[in-house]
Amino acid sequence: MASRPGLIRRFFGFIWSAIGFFRTLVLNLLFLAIVVAIVAAWLYEERPTVAPDTALVLDLSGPIVEQRTGAPASVTLLQVLADRERETQLRDVLAALDAAAQDPKISRVVLLLDDMEGAGLATLREIAAAVSRFRTSGKPVVAWGSVFDQRRYYIAAHADEVLMHPFGRVLLLGFGGYRNYYRDALDSIGVTVSVFKVGRYKSAVEPFSQNEPSEAARRDEAELLGDLWAQYMSAVETARRLPAGSITRLIDELPQRFATAGGDAAKLAVDERLIDGLKTRDELRAMLIEKGAPDLEHRTFRQINLSQYLATLPQRHGDAVGVVIASGEMLDGEQPQGLVGGRSTANLIRRAREDESIKAVLLRVRSPGGSIFAAEEIRRELELTRNAGKPVLVSFGDVAASAGYYVAMSADEVLSDPAAITGSIGVYALLPSVDRAWEKLLLHTHGTTTTWLAGALDPRRPLDPRMRELLQAGVERVYRDFVGRAAVARNVTPERMDELAQGRVWTGRQAQELKLVDRLATYHEALQLAAKRGGLGEDFRVSYIESEPRGIDRVLGILLGEASLAPLPWLSSLLQFAGATPEAVRSIGIDMRWLRNAAQTPLKPQSHCLCSPDSLLGPD
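What you see is a predicted model, and the numbers here were worked out from it, not measured in a lab. (Residues numbered from 1 in each chain as written. Predicted model: local features only at pLDDT ≥ 70, side-chain atom pairs only at ≥ 80, totals over all residues. Heavy atoms only, no water.)

### A word on the overall build of the protein
Of regular secondary structure, the protein possesses 24 helices and 24 strands. In the form shown here, the protein has an accessible surface area of approximately 30600 Å², with 55% of it arising from carbon and sulfur atoms. (Helix = DSSP H or I, 4+ residues; strand = E, 2+ residues; numbered from the N terminus. Areas by Shrake-Rupley, 256 points an atom, 1.4 Å probe, with all protein chains shown as cover.)

What follows is the structure, given as structure tokens:
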């Protein structure tokens, strides 16, 4: 038996522990004071002003998002510490452009697009529409970039003048891409993925149960991409005043036309009238100094950036349209911004309903779906809001599919961008089994249970046929409820809704023709419609109902980093060593994380389209 330490040893041990505790406490308090001082300095910095003949410079950074990702306190800290924005909020770009159009001190807009990353076509359409609204004020818009991918070019094409670096290029590639299929890989290591689904087009589960897409999935995706690409080409050709079919002919004849331009991508872009001229960044600056007012102190043109300009806009008061953002994958419970939590989003809707200054509620959806239970919590809260007498509208952004479509079933009016990805009314569940993998590793599993159900979901055991029947029956029941609720909401028969469902995805334009949505509208137009239903005037306030900070622990937590999209770091390293691109490694990480999450809740059927509106437009 170990002897107890002596009194003196215990005394000095206590003193040492106390010193360690107070040292940690002092350092933590010091760090906290520094963080608070930085945030306070940022919050209370002098408000910028706008001088006459100022250019609004929109240097868009990172992906364009409906809502910044992360807990509110973490977002605030990152804004303070980062050299530039990690993400750009769509609402900020729209607000700045619309305000600048009416601001006599703003003489022009300059779009700098090199650092802009992910965005779906609906988001691009929204920004392009705001650029066009600004141009109707008679003030010019100049767009510049060193390389225009399809996202950046879509926005640039709507400017009065498009300029590019002489070593730059315009990349018009078309939409679509390739997906990984894992059946043989999983089979080789002894993993069996049991799939339970309803919907012949429900292709989200195919990567784990097949080696290639089904014929129905190919056909569905081809029609979806075809409509989105047609919308893209039509908008660009109209904006650039090009003959219809110009982009198709350019791509078809690219080798010959590129050779005619001497292998010079910039010259080709000028020859094809995709851009108006070539300028380096310093030449662009000189041109803007000449056309505008010089800033002698900084040796540039008079300008104000996005965040500075937003800080000059007056705060509005009074009655408002309350906007709740549902952006990201739908999960149960409380979730941070960037994900859609069933409970947390329902709570935000409840806040909007109970706020007397909110006269109408608009749910803005950008979600590929996920948990049906989370979607039902959100739908139910919208139903209660509507029953309380407040108008409820739902606006679809880049994607509102599967469970993301389900939440709209209690709205007074469902609005969609023509380029939204929607529908995908289908349900599935997944359950991997690793019993064969255990055999390969010479591992054995034994135990005792009082009923066959007690261990029926243990992945180390073969799936019991009785559990297979239960899971399939549960999925079919949820699908019937989904179709039935959608049929009532859209005023069609269940049989007709079943024809439109089956997991098939549609563009917003197709969905409107099929009466899956009420009308086509941008987010800007959806806000106007919500204000009208709420009895508000033209100069109405928009109130974003968002989660509030819950303590400094989340602020400090952000310094530890975000969760990785690659759940198996060793696999990521192995794949990169084998020559896989970072994009390919990331896609595998996303797929494996998705499979893991689905497998953890097999008794909770999911409705997810596994579609990314960003990836359809090609790599950044």
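So much for the structure itself; the text now carries on.
### Details of the pairing of strand β15 (residues 358-367)
With nine of ten residues buried, β15 is to be regarded as a mostly interior element. In terms of strand pairing, β15 meets strand β17 (residues 392-401) through six bridges, oriented parallel. Bridge assignment links Val 361 to a residue of β17, and that residue is Val 392. (Buried < 20%, exposed > 50% of the residue type's maximum accessible area, 1.4 Å probe, protein only. Pairing = 2+ DSSP bridges.)

### Here we look at the environment of Ser 234
With respect to the secondary-structure elements, Ser 234 resides in helix α8 (residues 215-239). Expressed as a C-alpha distance, the spacing of Ser 234 and Ser 246, which sit twelve residues apart in the sequence, is 9.7 Å.

### Quick word on the pattern of salt bridges
Taken as a whole and judged by the stated rule, the model has 35 salt bridges. Between Asp 417 and Arg 125 there is a salt bridge; the shortest N-O distance is 2.8 Å. Of this pair, Asp 417 sits in the loop between β18 (413-416) and β19 (421-423) while Arg 125 is found in helix α4 (residues 121-135), placing the two residues 292 residues apart along the sequence. The class of Arg 125 is partly exposed, set by a relative accessible area of 23%. The partner of Asp 518 in a salt bridge is Arg 490, and the shortest N-O contact between them spans 3.0 Å. Of this pair, Asp 518 sits in the loop between α20 (508-513) and β22 (519-520) while Arg 490 sits in helix α18 (residues 465-490); the two residues are 28 residues apart in sequence, bridging distant segments of the chain. With relative accessibility at 11%, the residue Arg 490 sits in the buried group. (Salt bridge = Lys/Arg side-chain N within 4 Å of Asp/Glu carboxyl O.)

### Some points on helix α14 (residues 342-354)
Note that an α-helix has 3.6 residues per turn; residues three or four places apart therefore point the same way. With 13 residues, α14 ought to run about 18 Å at 1.5 Å a step, and its terminal C-alpha atoms sit 18 Å apart, in line with that. The set of residues buried in α14 consists of Gly 342, Ser 344, Thr 345, Ala 346, Leu 348, Ile 349, Ala 352 and Arg 353. (Expected span 1.5 Å × (residues − 1).)

### Brief notes about the packing of aromatic side chains
Remark: the centre distance and the inter-plane angle together describe each pair of aromatic rings, the angle taken between the planes. Inspection of every chain in the model, using the stated rule, returns eight aromatic pairs. Judged by centre distance (6.2 Å) and plane angle (70°), the rings of Phe 148 and Tyr 153 are edge-to-face. With relative accessibility at 0%, the residue Tyr 153 sits in the buried group. Residues Tyr 406 and Phe 482 carry aromatic rings whose centres are separated by 5.0 Å and whose planes lie at 85° to one another, so their mutual orientation is edge-to-face. Of this pair, Tyr 406 sits in helix α16 (residues 403-406) while Phe 482 sits in helix α18, placing them 76 residues apart in sequence. These aromatic residues form a ring-pair network of at least three members: Tyr 154, Phe 175, Trp 229 and Tyr 232. Taking the ring centre of Tyr 544 as reference, the NZ or CZ of Arg 91 above it sits at 3.9 Å. Here Arg 504 stacks its cationic end above the ring of Tyr 201, 5.2 Å away from the centre of that ring. (Phe/Tyr/Trp six-rings, centres within 6.5 Å; stacked < 30°, edge-to-face > 60°. Lys NZ or Arg CZ within 6 Å of the ring centre and 35° of its normal.)

### What to know about the confidence of the model for the protein
Averaged over all residues, the pLDDT of the protein equals 86, while 81% of them reach at least 70. Note that residues 552-568 has pLDDT below 50 and, in this model, 22 contacts with residues that lie over four places away or in other chains. (pLDDT = per-residue confidence, 0-100. Contact = heavy atoms within 4.5 Å.)

### Re the environment of Val 198
You can see Val 198 is positioned in strand β7 (residues 192-198). Take Val 198: its relative accessible area is 15%, and that puts it in the buried class. What Val 198 contacts, discounting residues up to four positions off in sequence, is Gly 426, Val 427, Gln 472, Val 475, Glu 476 and Tyr 479.

### Overview of the sheet that holds strand β4 (residues 106-112)
Through backbone hydrogen bonds, the strands of a sheet pair up, either in parallel or in antiparallel fashion. One open sheet holds the six strands; their spatial order is β8-β6-β5-β4-β1-β11, and the pairing between them is parallel. The open sheet has two free edges, formed respectively by β8 (277-278) and β11 (303-305), since each of these has just one partner strand. Where β4 and strand β5 (residues 141-148) come together, four bridges link them in parallel fashion. Counterpart to Leu 112 in the pairing with β5 is Trp 144. Strands in contact with α4 are β4 and β5; relative to β4, the strand with the most contacts, it is inclined by about 155°. Lying over the sheet, helix α12 (residues 281-291) contacts β4, β5, β6 (161-170) and β8, oriented at roughly 170° with respect to β4. (Axes fitted to C-alpha atoms, helices over the stretch in contact; angles between N-to-C directions.)

### Side note on the packing of helix α3 (residues 90-102) against α4
Packing of α3 against α4 leaves a shortest axis separation of 8 Å and a crossing angle of 10°. Comparing their axes, α4 and α3 come out roughly parallel. Facing Leu 90, Val 93, Leu 94, Leu 97, Asp 98, Ala 100 and Ala 101 of α3, the residues of α4 in contact are Thr 123, Glu 126, Ile 127, Ala 130, Val 131, Arg 133 and Phe 134. Residue composition of the contact of α3 with α4, grouped by class: ten nonpolar, one polar and three charged. (Parallel < 35°, antiparallel > 145°, perpendicular 65-115°, else oblique. Nonpolar A, V, L, I, M, F, W, Y, C, P; charged D, E, K, R; others polar.)

### Concerning unusual backbone geometry
Phi is positive for Ser 402, close to 55°, though the residue is something other than glycine. Along the chain, Ser 402 falls in the loop between β17 and α16. Even without being glycine, Leu 442 reaches a positive phi, approximately 60°. Assignment of secondary structure puts Leu 442 in the loop between α17 (435-440) and α18.

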